[in-house]
Amino acid sequence: MNKKIVQLLLVIAGALLFNMVFWQEKPGINMVLFDAFLLSALSFLYPKAGQHAVVRWLLVGHLFCLAMIVVHNTLLSQVAFTVTLLLLTAFIEYAHRSVWFAGGSVLMNILLCSASITEQFRTINPVRSRKRNTRKFIRFAIFPLSLLAIFFIIYLFANSIFQEMAAKAGVQLERFLFLFINLFSWQRLLFMALGIYLTATILLKSRVSYFSNKETNCHDHLQRARKKRQQQPFYQLSKNYMGRLTDGMLALKNENTTGLISLFLLNTLLAVINTIDISCLWFNVNYQINKPAYKMVHEGTELLILSVILAMMVVLFFFKGNLNFYKRNKWLKYGATAWIVQNAVLVVSVLVRDYYYINRHGLAYKRIGVLFFLLMVFIGLVTMSIKIWQRRTTYFLLRVNAWAGIVVLVLASAIHWDELIVGYNLKQKDNIELDVPFLLSLSDKTLPLLDRNRAVLLQKQQAVQQSTLVPTEDTDICSGCYIQQLEQREKAFLASQRQLSWLSWNYADEQTIRYLLHKTSLSLSDTNR
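Looking only at helices and strands, the chain features 23 helices and 0 strands. Burial statistics for the chain: of 529 residues in total, 40% are counted as buried. Summarising the internal contacts of the chain: among those between residues at least 6 apart in sequence, 75% fall at separations of at least 24.

With that settled, the discussion passes to a nonpolar patch on the surface. Together, Leu303, Leu306, Ile309, Leu310, Met313 and Phe373 make up a nonpolar patch on the protein surface, roughly 550 Å² of accessible area in all. For the nonpolar patch, the leading source of residues is helix α14 (residues 301-318), giving 5 residues. With respect to the helices and strands, the residue Phe373 is situated in helix α16 (residues 365-390). Among the residues examined, Phe373 registers a relative accessible area of 32% and is labelled partly exposed.

What follows deals with the side chain of Arg392. By the secondary structure assignment, Arg392 is in the loop between α16 and α17 (394-412). There is a polar contact of 3.5 Å between the side chain of Arg392 and the side chain of His221. Of the polar contacts made by the side chain of Arg392, one reaches the side chain of Gln390; its length is 3.0 Å. If sequence neighbours within four positions are ignored, Arg392 has contacts with Asp220, His221, Leu222, Ile386 and Lys387.

Helix length check: helix α3 (residues 53-71), at 19 residues, gives a terminal C-alpha distance of 27 Å against a target of 27 Å (1.5 Å per residue), a fit within 8%. Val55, Leu58, Gly61, His62, Cys65, Leu66, Met68, Ile69 and Val70 are the residues of α3 that are buried. Of the residues one or two after α3, Asn73 is the one with positive phi, at around 55°.

Once that is clear, we can look at the packing of aromatic side chains. Applying the stated criterion across every chain yields a total of 13 aromatic pairs. Geometrically, the ring pair formed by Phe101 and Tyr395 is tilted, given 6.2 Å between the ring centres and 55° between the ring planes. Residue Phe101 is located in helix α5 (residues 99-111), and its partner Tyr395 is located in helix α17; the two are separated by 294 residues in the primary sequence. Its relative accessible area of 17% is what places Phe101 among the buried residues. An aromatic cluster is built from Phe18, Phe22, Trp23, Phe34 and Phe191, whose rings are joined through pairwise contacts. A cation over a ring is seen here: Lys205 above Tyr94, with NZ or CZ 5.1 Å from the ring centre. It is Arg392 that lies over the ring of Phe396; its NZ or CZ is 4.6 Å from the centre.

Contact geometry of helix α1 (residues 3-22) with helix α2 (residues 29-45) gives a least axis separation of 10 Å together with a crossing angle of 175°. With respect to α2, the axis of α1 lies roughly antiparallel. Between α1 and α2, the contacting residues are Lys3, Val6, Gln7, Leu10, Ala13, Gly14, Leu17, Phe18, Val21 and Phe22 on the first element and Asn30, Met31, Leu33, Phe34, Phe37, Ala41, Phe44 and Leu45 on the second. Here the residues of the contact of α1 with α2 are counted per class, giving 14 nonpolar, 3 polar and 1 charged.

Cut-off values and rules
- Residues numbered from 1 in each chain as written.
- Predicted model: local features only at pLDDT ≥ 70, side-chain atom pairs only at ≥ 80, totals over all residues.
- Heavy atoms only, no water.
- Helix = DSSP H or I, 4+ residues; strand = E, 2+ residues; numbered from the N terminus.
- Buried < 20%, exposed > 50% of the residue type's maximum accessible area, 1.4 Å probe, protein only.
- Contact = heavy atoms within 4.5 Å.
- Patch = residues over 30% accessible without salt bridge, like charges linked within 9 Å, V, L, I, M, F, W, Y side chains within 5 Å.
- Areas by Shrake-Rupley, 256 points an atom, 1.4 Å probe, with all protein chains shown as cover.
- Salt bridge = Lys/Arg side-chain N within 4 Å of Asp/Glu carboxyl O.
- Polar contact = N/O pair within 3.5 Å; in protein donor to acceptor, adjacent residues only side chain to side chain.
- Expected span 1.5 Å × (residues − 1).
- Phe/Tyr/Trp six-rings, centres within 6.5 Å; stacked < 30°, edge-to-face > 60°.
- Lys NZ or Arg CZ within 6 Å of the ring centre and 35° of its normal.
- Axes fitted to C-alpha atoms, helices over the stretch in contact; angles between N-to-C directions.
- Parallel < 35°, antiparallel > 145°, perpendicular 65-115°, else oblique.
- Nonpolar A, V, L, I, M, F, W, Y, C, P; charged D, E, K, R; others polar.

Below, the structure is given as structure tokens:
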């Protein structure tokens, strides 16, 4: 069979499956069914792609994220699943090594999806042939259908039994049409169109291979190129500061000297900052309000993170082009290495700040995000050092760090962070400022944990009610009525689960349902006693 026909049939089948398993459902077993179809279709359309090690490792990571959706069903696991699926598609359909270029190819698939679908129809069914077949069918059908209609009307009035049978058939046809219209409502048709678009994005390869062709010219190792300095990156920026020193026979020597002076000054300044951090944050910490350590933890963290990013850009600026091959750049490398090491110390200082903040205020999304960001920055500093001493390209730097980010994303999806936040903050309730409204805003998986700590919530609720005026109207639940808010969330969760089918099953929701139903049965038995 023609490959174009097969691709079109697979897109239609995928859209129908998407419509059936996701309509008015939440992610769960339906993700397994739809993903199994997509992976099977990709392996059928591109059978040689599985020979590449990158595709196999991406497949392992993608299936791990799929398993985490069934187990945890968190937003992070869904994001990781989507990212790995799109990257897997790009690496199967195109020749790539970098996540960045693969992401560009996926973007082309998304933007040109409509054109790809149109091309499938044009290839399969030419317009002239389609019009000719339509005219032929109409000519053959008009006369027989006219005769059928005439004799049907005659027999309908001539035979009462046939008339009753026709009436019953009309009623059944009316019911069928009613169900058909409800099944294919405007909302359902739009949802079907979304399924076509998503399936086509995954299965139909775009004809534009710009990013794949672009990556073929990228390499991990630097190669000395004899080209005009005006064509080198950052030339104009250097020209603005150094003037004529950027041109001529001594241009590399002048750049090396400028880099040495700059790195010496920057290292000296950062050494002062790191000394202050080590003396005030690492040792002999007096973490109290209005003390230096307290102010350092609560102020300037974002600016320090920005400074680390700028520091990496400074190294990229100095180690560009043929300066990497300059024979007398040894001290420049030493200065850059010292700069990287000092920035690693600064990363540890930011980590210490985040630790003290968590220790005082508990876990939250932003504080956990800072930890992951610092991990990625540390990886970036290590790869930056490799770039300097092994003469690697910026392409290598971006490629390795992107893959590190994908690994971190996949591994992070293995943890239910909402549950971790609630569990940690409740255990540290005597040592931190417990933010109950924030805990009540987290996912449904935390409901059993919150319910088991009703005493803590009640204590906080009484403290709030004593310090503020609380409305007593029955029509609205007050902001400080934590127990009522929890009970309302539990009822809403059970009500929403009754609207879902087995397609939305996941382990996290199942555990929450069992806990709440068991709790309800115990309360009913106590009432009967």
